[in-house]
Amino acid sequence: MDTPTPSRILTRILSWFCREDRIEEIEGDLAELFFERATTSNIKKAHMFYAWNILKAFQWSNLKKFTQMKTSKGLLINYIITSVRSLRRNRVYALINYFGLTLGLSSVLFAFIAIQYEYSFDRFAESDNIYRVVLHKQDQAKMNYSSNVPYPMATAIRNEIQGAGKVTGFHYSEMEKVKYDNELRYVNNVVFADSEFFEVLNFEVLSGNPKRILNSPGQALITDEMSMVLFGEADPIGRIIKLADENIEIAGVVSSPTQTHLDFNLIVSYPTLSSQFTADFDAINSWSMVLSGYCYLKLPSNDNLQSVEKRLYQLVQKYHEGTEKENNNYYLQALNDIHFNKRYADPRISTVSKDYLLILSSVSLFIMIIACINFINLNTAMASRRAREAGVRKVLGARPGQLINQFVLESMILTLVSLLSAMFVTWLILPFYNTFMNKELVISFSDHTFLIGSTALFVIVSLLAGWYPAFMISQFKAIRALKSEYSSVTLKGAGLRKFLVSFQFVISQIMIIGTLIVFSQIEFIRNKDLGFDQDAIITAPLFSRDSTELRKLKSILLQHKDIKHVSFGLGAPTSNNDLGTSFTFTNKENLEEANIRLKTVDNDYMETYGLRLLAGQWLTSSTTWQSKKNEFVINESALNAMGIENPIDVIGQNIELGINHMSGPIIGVVQNFHVRSLHEEIPPTVMLYFPRLHYEAGLKISGLNVPETLETIESAWQSVYPDEILQYTFMDDLLDQFYIQDKKILLLFNIFSWTSIFIACLGLFGLIAFTIHQKMLEIGIRKVFGAKSLHIIWILSTRLLLLVCAATIISFPLAFVAMNRWLEGFAYRVDISPFYFILALLITLLITVGSVGYRAFKASIINPIRILRNE
Amino acid sequence: MKGTSLGEFEELCLLAVGILQEDAYGVSVKEQVEKYSGRKSTLSTIHSTLIRLEKKGFLESRMGGATELRGGRTKRIFRITSLGKKSMNEARELRSRMWDHIPKILWEGGAV
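Residues numbered from 1 in each chain as written. Chains lettered and ligands numbered in written order. Predicted model: local features only at pLDDT ≥ 70, side-chain atom pairs only at ≥ 80, totals over all residues. Heavy atoms only, no water.

A look at the overall build of chain B
Now for step 1: For chain B, the helix and strand inventory stands at five helices and two strands.
Now for step 2: Tracing chain B from N to C terminus, the helices and strands come up as α-α-α-β-β-α-α.
Now for step 3: The buried share of chain B, taken over its 112 residues, is 39%.
Now for step 4: Sequence-distant contacts, at least 24 apart, represent 51% of the contacts inside chain B between residues at least 6 apart.
Now for step 5: Of the roughly 7100 Å² of accessible surface on chain B, a fraction of 57% belongs to carbon and sulfur atoms. (Helix = DSSP H or I, 4+ residues; strand = E, 2+ residues; numbered from the N terminus. Buried < 20%, exposed > 50% of the residue type's maximum accessible area, 1.4 Å probe, protein only. Contact = heavy atoms within 4.5 Å. Areas by Shrake-Rupley, 256 points an atom, 1.4 Å probe, with all protein chains shown as cover.)

Considerations on the overall build of chain A
Now for step 1: Secondary structure summary: chain A contains 28 helices and 22 strands in total.
Now for step 2: Within chain A, contacts between residues at least 6 apart in sequence are counted, and of these 78% link residues at least 24 apart.
Now for step 3: Accessible area for chain A stands at about 41900 Å²; split by element, carbon and sulfur atoms hold 58% of it.

Some thoughts on the layout of surface pockets
All names here are of chain A.
Now for step 1: The calculated volume of the second largest pocket comes to roughly 710 Å³.
Now for step 2: Residue lining of the second largest pocket: 16 residues in total, with Ile 9, Leu 10, Ile 13, His 448 and Ile 452 positioned closest to the centre.
Now for step 3: If you list the elements that add at least two residues to the lining of the second largest pocket, you get α1 (8-17), α3 (43-56) and α16 (448-474).
Now for step 4: Broken down by element, the lining of the second largest pocket gets its largest block of residues, six residues, from α1.
Now for step 5: Two domains each donate at least three residues to the lining of the second largest pocket, and these are domain 1 (8-65) and domain 3 (354-525 + 739-868). (1 Å grid on protein atoms, 1.4 Å probe; cavity = no way out; pocket = protein on both sides within 12 Å on 5 of 7 lines; lining within 4 Å. Points joined across faces, edges and corners; volume = space filled by probe spheres on them. Domains from an automatic or database assignment.)

Overview of empty space enclosed by the protein
By rolling a water-sized probe across the atoms, one finds the places where empty space is left.
Residue and element names in this part refer to chain A.
Now for step 1: Evaluated as defined, the whole model comprises five cavities of 30 Å³ or more.
Now for step 2: Its boundaries defined by the atoms lining it, the largest cavity holds a volume of some 250 Å³.
Now for step 3: Along the wall of the largest cavity there are 19 residues; nearest its centre are Ser 86, Asn 379, Met 382, Arg 386 and Glu 410.
Now for step 4: Broken down by secondary-structure element, the contributors of at least two residues to the lining of the largest cavity are α4 (73-89), α5 (91-119), α13 (354-381), α14 (383-395), α15 (400-437) and α16.

A short note on unusual backbone geometry
Comment: phi is negative for the bulk of residues other than glycine, and the bulk of peptide bonds are trans.
All names here are of chain A.
Now for step 1: Phi is positive for Asp 122, close to 55 degrees, though the residue is something other than glycine.
Now for step 2: With respect to the secondary-structure elements, Asp 122 resides in the loop between α5 and β1 (130-138).
Now for step 3: Relative accessible area serves as the criterion here: at 1%, Asp 122 is assigned to the buried category.
Now for step 4: A positive phi angle is found at Asn 182, which is not glycine, with a value near 60 degrees.
Now for step 5: On the secondary structure map, Asn 182 appears in the loop between β3 (166-180) and β4 (183-193).

Digging into the packing of aromatic side chains
Within a pair of aromatic rings, the relevant descriptors are the distance that separates the centres and the angle that separates the planes.
Residue and element names in this part refer to chain A.
Now for step 1: The tally for this structure, following the rule as stated, stands at 33 aromatic pairs over all chains.
Now for step 2: Pairing Tyr 145 with Tyr 344 gives two aromatic rings, centres 5.9 Å apart and planes at 90 degrees, and the pair type is edge-to-face. Of this pair, Tyr 145 sits in strand β2 (residues 143-146) while Tyr 344 sits in the loop between α12 (335-338) and α13, placing them 199 residues apart in sequence.
Now for step 3: When the centroid spacing of 6.3 Å and the interplanar angle of 75 degrees are considered together, the rings of Phe 197 and Phe 264 count as edge-to-face. Remark: Phe 264 occurs in the loop between β8 (246-254) and β9 (266-269) and Phe 197 occurs in helix α7 (residues 197-200); sequence separation between them is 67 residues. Residues Phe 197 and Phe 264 agree in their burial class; the two are buried.
Now for step 4: An aromatic cluster of at least three residues, connected via ring pairs, comprises Phe 124, Phe 170, Tyr 172, Phe 197, Phe 198, Phe 203, Phe 264, Tyr 294 and Tyr 296.
Now for step 5: A cation over an aromatic ring shows up here: Arg 37 above the ring of Phe 49, its NZ or CZ 3.9 Å from the ring centre.
Now for step 6: Sitting over the face of the ring of Phe 436, Lys 744 holds its NZ or CZ atom 5.8 Å from the ring centroid. (Phe/Tyr/Trp six-rings, centres within 6.5 Å; stacked < 30°, edge-to-face > 60°. Lys NZ or Arg CZ within 6 Å of the ring centre and 35° of its normal.)

Thoughts on the sheet that holds strand β22 (residues 729-730) of chain A
Now for step 1: Strand order in the open sheet formed by four strands is β13-β21-β12-β22 (chain A), and the pairing between neighbours is antiparallel. Of all the strands in the sheet, just β13 (563-569) and β22 of chain A have a single pairing partner and so form its edges. (Pairing = 2+ DSSP bridges.)

Section: the environment of A:Thr82
Residues and elements named next belong to chain A.
Now for step 1: Tracing the chain through its elements places Thr 82 in helix α4.
Now for step 2: With 328 residues separating them along the chain, Thr 82 and Glu 410 place their C-alpha atoms 8.6 Å apart.
Now for step 3: Excluding residues that lie within four positions of it along the chain, Thr 82 makes contacts with Glu 389, Arg 393 and Gln 406.
Now for step 4: A distance of 3.5 Å separates a polar atom in the side chain of Thr 82 from a polar atom in the side chain of Arg 393. (Polar contact = N/O pair within 3.5 Å; in protein donor to acceptor, adjacent residues only side chain to side chain.)

Details of the side chain of B:Lys75
Now for step 1: For B:Lys75, the position within the fold is in strand β2 (residues 75-80).
Now for step 2: Leave out the neighbours within four places in its chain, and B:Lys75 touches B:Asp23, B:Tyr25, B:Arg62, B:Met63, B:Gly64, B:Gly65, B:Thr67 and B:Arg70.

Structural notes on the interface of chain A and chain B
Now for step 1: The interface of chain A with chain B comprises 18 residues on the first partner and 17 residues on the second.
Now for step 2: Buried area between chain A and chain B, both sides added, is near 1800 Å², and the carbon and sulfur share of it is 53%.
Now for step 3: Considering only the surface of chain A that becomes buried against chain B, A:Glu25, A:Asp29 and A:Glu32 emerge as the three largest contributors, covering 32% of it.
Now for step 4: Counting the contacts that link chain A with chain B gives one salt bridge.
Now for step 5: Between B:Arg73 and A:Glu27 there is a salt bridge whose closest N-O contact spans 2.4 Å.
Now for step 6: Taken together, the connections running from chain A to chain B amount to three residue pairs in polar contact (both at pLDDT 80 or more).
Now for step 7: Taken together, the elements giving at least two residues each to the side of chain A that touches chain B come down to α2 (20-40) and α3 of chain A.
Now for step 8: Take the side of chain A that touches chain B: its biggest share by element is 14 residues, from α2(A).
Now for step 9: The class makeup of the residues in the side of chain A that touches chain B is six nonpolar, three polar and nine charged. (Buried area = accessible area lost by both parts, 1.4 Å probe. Salt bridge = Lys/Arg side-chain N within 4 Å of Asp/Glu carboxyl O. Nonpolar A, V, L, I, M, F, W, Y, C, P; charged D, E, K, R; others polar.)

Digging into the side chain of A:Asn672
Residue and element names in this part refer to chain A.
Now for step 1: Checked against the element boundaries, Asn 672 lands in the loop between β19 (663-670) and β20 (685-689).
Now for step 2: A polar atom in the side chain of Asn 672 sits 3.1 Å from the backbone nitrogen of Ser 637.
Now for step 3: Sequence-distant contacts of Asn 672, defined by excluding residues within four places in its chain, comprise Leu 530, Gly 531, Asn 635, Glu 636, Ser 637 and Ile 682.

Here's the deal with the pairing of β2(B)
Residues and elements named next belong to chain B.
Now for step 1: In terms of burial, β2 is largely enclosed, as five of its six residues are buried.
Now for step 2: Where strand β1 (residues 59-64) lies against β2, six bridges are found, and the strand directions are antiparallel. Residue pairing in the sheet places Gly 64 in a bridge with Lys 75 of β2.

Overview of a negative patch on the surface
Residues and elements named next belong to chain A.
Now for step 1: A cluster of like negative charges, contributed by Glu 204, Asp 224, Glu 225, Asp 263 and Glu 440, occupies part of the molecular surface.
Now for step 2: Along the chain, Asp 224 falls in helix α9 (residues 224-231).
Now for step 3: With a relative accessible area of 32%, Asp 224 lands in the partly exposed category. (Patch = residues over 30% accessible without salt bridge, like charges linked within 9 Å, V, L, I, M, F, W, Y side chains within 5 Å. Lys, Arg positive; Asp, Glu negative; His and termini not counted. Charge placed at Lys NZ, Arg CZ, Asp CG, Glu CD.)

Here we look at the pattern of salt bridges
Residues and elements named next belong to chain A.
Now for step 1: Scanning the entire structure with this criterion turns up 25 salt bridges over all chains.
Now for step 2: For Arg 386, the salt bridge goes to Glu 389, with nearest N and O atoms at 2.9 Å. Separated by three residues within a single helix, Arg 386 and Glu 389 lie in helix α14, roughly one turn from each other.
Now for step 3: Through salt bridges with shared partners, one network takes in Arg 386, Glu 389, Arg 393 and Glu 410.

Written out as structure tokens, the structure reads:
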């Protein structure tokens, strides 16, 4: 057993406040007590006791003597009073700063919580040692990545690889039919796991012996939540449910998994798994068929990683056959990587890319910086107002350091108030974000990292925003200050302000360009021709592959006048429902092979979805219902893969598929349609009639009398499948699912960029108000000499407009690089045209004129007598 | 005489240091005090008391005796000074003198 050590952070806190000459013995004594506690009672208590002792050691006599603490109490109170007074006197500016800081701090807090949430995924015991076996499969075109591995993998690793530690293999089913008490339900996420499942992934078992249950056929563990759904409050143990055709006894309860990529409701023992759960494929003992099998292992030490991966390669050589020997390879993916890595992810698992988190954190930091810039700008601009106060303090003996303290304290007060409001704002925002992004973020004020984080944020922001203005004021010469020689005109800092304002513009412009491009890309996707007709199509799952039942269903449906076509197949043209395999063809008398997607269809598929035929013909009804002969229709990508230009030339050529070595002629070529989302290129695709894989019906409806049509569909399903529940989807909704993540990011982008622009505007508004206030005399004199209003507005705003233009030098290239990178995630994308950049420039100019204009206009129409009378 | 008087807890600590002789430091003093008085005390209370006693001149201290159990840190080992001995004696005498003046009958006779 490792000897426990007292928390290092706590020890550091002690050394931070404790006097040097005392620290040695106190640390020693505390450590001694800690070890005594740790041995006599448990470690957790010892830690708590240690923390408590450290807290108690925080005594006056133990404290370090801080030099800065010499500021007397009376002076401190005086500082606070003057700070509050000055904030109240310059109410508008204080409010601008307050709003800016609150928004900035809220966005940082929010990003902090969001990122902390994402990093708290998949926390198991020893999660650093847990790995998932992943498959890299090479084909001519590219490398294919998958987290699914052959089912015998786990056993092979367990028996043949030493030093692999604990190994578990399981089958993961997205949905299974469960019958209990004569009531039929679909249960999502059913795992068929072997007995070491819980030793690798220590989900919390509430009752039952998981090892024994997972070894016995026909037994299962249920989550507490699912148990509530199925059995209510009653004890689930010993109850029998029917899973597909198996009777399953519930023998244990697990607590519902939270924050993990591996969500489940039911864990059935692996011996229960039979081919009825794997689409009737004999995949359970096959190395060549990869369906939904997974393999996880917990290494005894990460030093074994490379040797285990090497041994995995030997498994490939031993068990795989043919080309798979060379093309397949297995690697280990760290558990901590799963939540962030899209490469191996199934479509059903939502991963979060680290890029997104990076964008989120940098955008929120930018907003914070914009708010800080406002603070610096306004305070340096207004420094002249405080010059006299600083002068008097100096005459009375204040040193520059003390003045800095005073003004930093002022910024601290404002920051503290803003921070508290920001916490409140974040607390208000989180529920919206949660429903919107389907997450479960909470703001927890008792969380250590949150508290330490917000304290750090408080200190950093108040120093960042407050230090420079404070420093500037502290450098005033007392005599000049008292003679009122400091005005905003003579003050330094104007250059800095210009720089900071242009920096704000840079950020705003990048965000505007980003938003514009994201928006147009998403519009592009939504309006892109997918190569088939997506309107008025309903899809619904089929529950059997029995041809008489299917024929009956089709005939019932077609009787209704608003149902135009009915087609059965593996899935809609754009969907995740297809099979990956390869096909061989003769190219100039050489036998070649290419990877393809396989879609099973029927004779009505083309008309239902409006696919466009380029050459040959579609599968006819005579070939479909009866014949044993295979005929294929391919798409343009497959044509290209075969190296043939003219579609006519390919008609009649024989090809052979990787699955079951089916061979036959190509009878038709269709125009490319999008097989997957627009994130991916259109893969070579082969379509054939293969009723064993008919899992989905597609219905083309007229679009009239929709409710009535839906009723007909439901009753048709009811009459053919009395034991099932129909779940239909409209094609448009289905397609939207593919881009929902992008849309959400767009909205977030929008919110963030408008927030940043809003804060920047606030700052500009304050700055211009102040400049005008200072330039009143100049404006008055100019008016007396006959300047027009427009001319005065021009004088007041040209500088800012120039800054806006100057900012583009930096913002344009940065935005270009960033957006180019984002667009690379789409196989089909918009071009980055100069239009977006010009538009962004115009928007920022407009916003500047908007926030400056009103004030400038008011200043320009003022009667000069009112200004000059007092002089 | 301000500064030389002994508080009750201070006296306990002094006595504990006396018992422990060469091995008197924070934790051991705490153990002794708890052992004899039967009441819980926290380390920081013991610490501040020992340091107060040192300031008053009743104790003197030196650093030494690092052990692994303490993460290699040394102890502050306390010893009673002659002034400390004197004031302990005074305290004891003061008590016995006052004890002598309690009327025996009253005390041993129980209820008045």
